[in-house]
Amino acid sequence: MDTTKLYGHYKRFVIIDDISSGDCKIEIPVQRIQCTQCKSTHSLLPTNFVPYTHIIR
């Protein structure tokens with residue numbers, strides 16, 4: 001039995017370091033999930049995101 005379900009998404013702006021043109025701001029979709037047991041929600045960030053910032057490692 002699955003304990004999470006898809007719960008929507010939102011867009012997040014991040015800054016990447018582009019060697020050829022300097023910093024570049026891009027928009028990334030972030031998936032949200034919800035625990036079906038406790039009803040808390042979580043965002044699934046890509047592994048190279050730094051949480052609570054607008055910077056990609």
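Scroll up a little and you will see the structure.
Cut-off values and rules
Residues numbered from 1 in each chain as written. Predicted model: local features only at pLDDT ≥ 70, side-chain atom pairs only at ≥ 80, totals over all residues. Heavy atoms only, no water. Helix = DSSP H or I, 4+ residues; strand = E, 2+ residues; numbered from the N terminus. Buried < 20%, exposed > 50% of the residue type's maximum accessible area, 1.4 Å probe, protein only. Contact = heavy atoms within 4.5 Å. Salt bridge = Lys/Arg side-chain N within 4 Å of Asp/Glu carboxyl O. Phe/Tyr/Trp six-rings, centres within 6.5 Å; stacked < 30°, edge-to-face > 60°. Lys NZ or Arg CZ within 6 Å of the ring centre and 35° of its normal.

Considerations on the overall build of the chain
So, point 1. Helix and strand content of the chain: zero helices and three strands.
So, point 2. What you see in the chain, going N to C, is helices and strands ordered as β-β-β.
So, point 3. The buried share of the chain, reckoned over its 57 residues, is 16%.
So, point 4. Nonlocal contacts in the chain, meaning residues at least 24 apart in sequence, comprise 41% of its contacts between residues at least 6 apart.

With respect to the pattern of salt bridges
So, point 1. Under the counting rule described, the total for this entry stands at one salt bridge.
So, point 2. One salt bridge in this structure joins lysine 11 and glutamate 27, with 3.7 Å as the shortest N-O distance. With a gap of 16 residues between them, lysine 11 in strand β1 (residues 4–18) and glutamate 27 in strand β2 (residues 22–35) connect regions that are remote in the sequence.
So, point 3. We classify glutamate 27 as partly exposed; its relative accessible area is 41%.

A look at the environment of lysine 39
So, point 1. Inspection of the secondary structure puts lysine 39 in the loop between β2 and β3 (41–44).
So, point 2. Taking C-alpha positions, lysine 39 is 9.9 Å from lysine 5, a pair spaced 34 residues apart along the chain.

Quick notes on the packing of aromatic side chains
So, point 1. The full count for this structure, using the stated rule, is zero aromatic pairs.
So, point 2. For the cation-ring pair, lysine 25 lies above phenylalanine 13, with the distance from its terminal atom to the ring centre recorded as 5.1 Å.

Remarks on the environment of lysine 25
So, point 1. Within the secondary structure, lysine 25 is located in strand β2.
So, point 2. Spatially, the C-alpha atom of lysine 25 lies 6.5 Å from that of phenylalanine 13, the residues being 12 residues apart in sequence.
So, point 3. In this structure lysine 25 touches Phe13, Val14 and Ile15, once residues within four positions along its chain are discounted.

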